[in-house]
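# Understanding the architecture of this molecule
In case you want the letters, here they are:
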Amino acid sequence: DGGITQSPKYLFRKEGQNVTLSCEQNLNHDAMYWYRQDPGQGLRLIYYSQIVNDFQKGDIAEGYSVSREKKESFPLTVTSAQKNPTAFYLCASSIVSAGDQPQHFGDGTRLSIL
Amino acid sequence: DAKTTQPPSMDCAEGRAANLPCNHSTISGNEYVYWYRQIHSQGPQYIIHGLKNNETNEMASLIITEDRKSSTLILPHATLRDTAVYYCIVRVGLTGGGNKLTFGTGTQLKVEL
């Protein structure tokens, strides 16, 4: 079945450690996105990419990095510079076209600090 | 970004229609209204979207007022599995394509027997 796969489902980070969250899609979508969700809050955009080898900062990019070497993959690295990384991270993808196209989401990775 | 306002919670009896309101009084003429829902600890699920006309799909109906300042999502026959947080979003287009979805805190819909 086509969809978006995020792994791992749960991740623990030690102080000062970088961790990478995986996001893979087989929907042949051009655009991919990373969001962060804190308890009881909505989603906030971290980074997005509309084409391979190109990506843009969202609203809360500080302390995060991404890469887009393949169309189907958009990994997110939470660096040690992110002082409050505990959150639920969601990856999404969409078609890029002249018309409006919905984003489709994975089931998320929950990151916690040890 | 156009801001949306939703009630924090609503209850609905199973089998009845659930009508979820949303105000978006600052919406621009070319901005779409999107609805998603999120069941605890899962990713948001797309429901429906529209610009100015009413829309219907297999999940729900979307009624947008003529002045586009508010909309209502209708789940015609709510079931227990429809219990979730429902988000009304006005999407912002990104340069080069794709769109940015700014999620608020949504409406917690609880469907009860």
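The sections below set out a description of the structure shown in this document. (Residues numbered from 1 in each chain as written. Chains lettered and ligands numbered in written order. Predicted model: local features only at pLDDT ≥ 70, side-chain atom pairs only at ≥ 80, totals over all residues. Heavy atoms only, no water.)

## Side note on the environment of Q42 of chain B
- With respect to the helices and strands, the residue Q42 of chain B is situated in the loop between β3 (33-38) and β4 (45-50).
- With residues up to four places along the chain from it excluded, the contact list for Q42 of chain B reads F88 and D107 of chain A. (Helix = DSSP H or I, 4+ residues; strand = E, 2+ residues; numbered from the N terminus. Contact = heavy atoms within 4.5 Å.)

## Looking at the packing of aromatic side chains
- The final tally for this structure, using the stated rule, is 12 aromatic pairs over all chains.
- Seen from their ring centres, F105 of chain A and Y36 of chain B are 5.7 Å apart, and the 90 degrees between their planes marks the pair as edge-to-face. In this pair, F105 of chain A sits in strand β10 (residues 104-105) while Y36 of chain B sits in strand β3, so the two residues belong to two different chains.
- With a centroid separation of 5.8 Å and 70 degrees between ring planes, the pair formed by Y36 of chain B and Y46 of chain B is classed as edge-to-face. Linking Y36 of chain B in strand β3 with Y46 of chain B in strand β4, this pair joins segments that are 10 residues apart in sequence. (Phe/Tyr/Trp six-rings, centres within 6.5 Å; stacked < 30°, edge-to-face > 60°.)

## Points about a nonpolar patch on the surface
All names here are of chain A.
- Among the surface-exposed residues, Y10, F12 and L114 lie close enough to one another that they form a single nonpolar patch of about 380 Å² accessible area.
- In this fold, Y10 is placed in strand β2 (residues 10-13).
- By relative accessible area, which is 51% here, Y10 ends up exposed. (Patch = residues over 30% accessible without salt bridge, like charges linked within 9 Å, V, L, I, M, F, W, Y side chains within 5 Å. Areas by Shrake-Rupley, 256 points an atom, 1.4 Å probe, with all protein chains shown as cover. Salt bridge = Lys/Arg side-chain N within 4 Å of Asp/Glu carboxyl O. Buried < 20%, exposed > 50% of the residue type's maximum accessible area, 1.4 Å probe, protein only.)

## Quick look at the environment of V52 of chain A
All names here are of chain A.
- Structurally, V52 is set in the loop between β5 (43-51) and β6 (54-57).
- What makes V52 partly exposed here is its relative accessible area of 31%.
- Spatially, the C-alpha atom of V52 lies 9.0 Å from that of E72, the residues being 20 residues apart in sequence.
- With residues near it in sequence (within four places) discarded, V52 still touches R68, E69, K70 and K71.

## Observations regarding the state of the cysteines
- The tally for this structure, following the rule as stated, stands at two disulfides over all chains.
- Here C23 of chain A connects covalently by a disulfide to C91 of chain A, the sulfurs 1.9 Å from one another. The S-S bond linking C23 of chain A to C91 of chain A shows a torsion near -75 degrees; that makes this disulfide left-handed. Placement of C23 of chain A in strand β3 (residues 19-25) and of C91 of chain A in strand β9 (residues 87-94) is noted, with a sequence separation of 68 residues between them.
- Two residues share a disulfide in this structure: C22 of chain B and C88 of chain B, whose sulfurs sit 2.1 Å from each other. An S-S torsion of about -80 degrees defines the bridge between C22 of chain B and C88 of chain B as left-handed. Taken together, the residues span a long stretch of sequence, with C22 of chain B in strand β2 (residues 18-23) and C88 of chain B in strand β8 (residues 84-90) at a distance of 66 residues. (Disulfide = S-S within 2.5 Å.)

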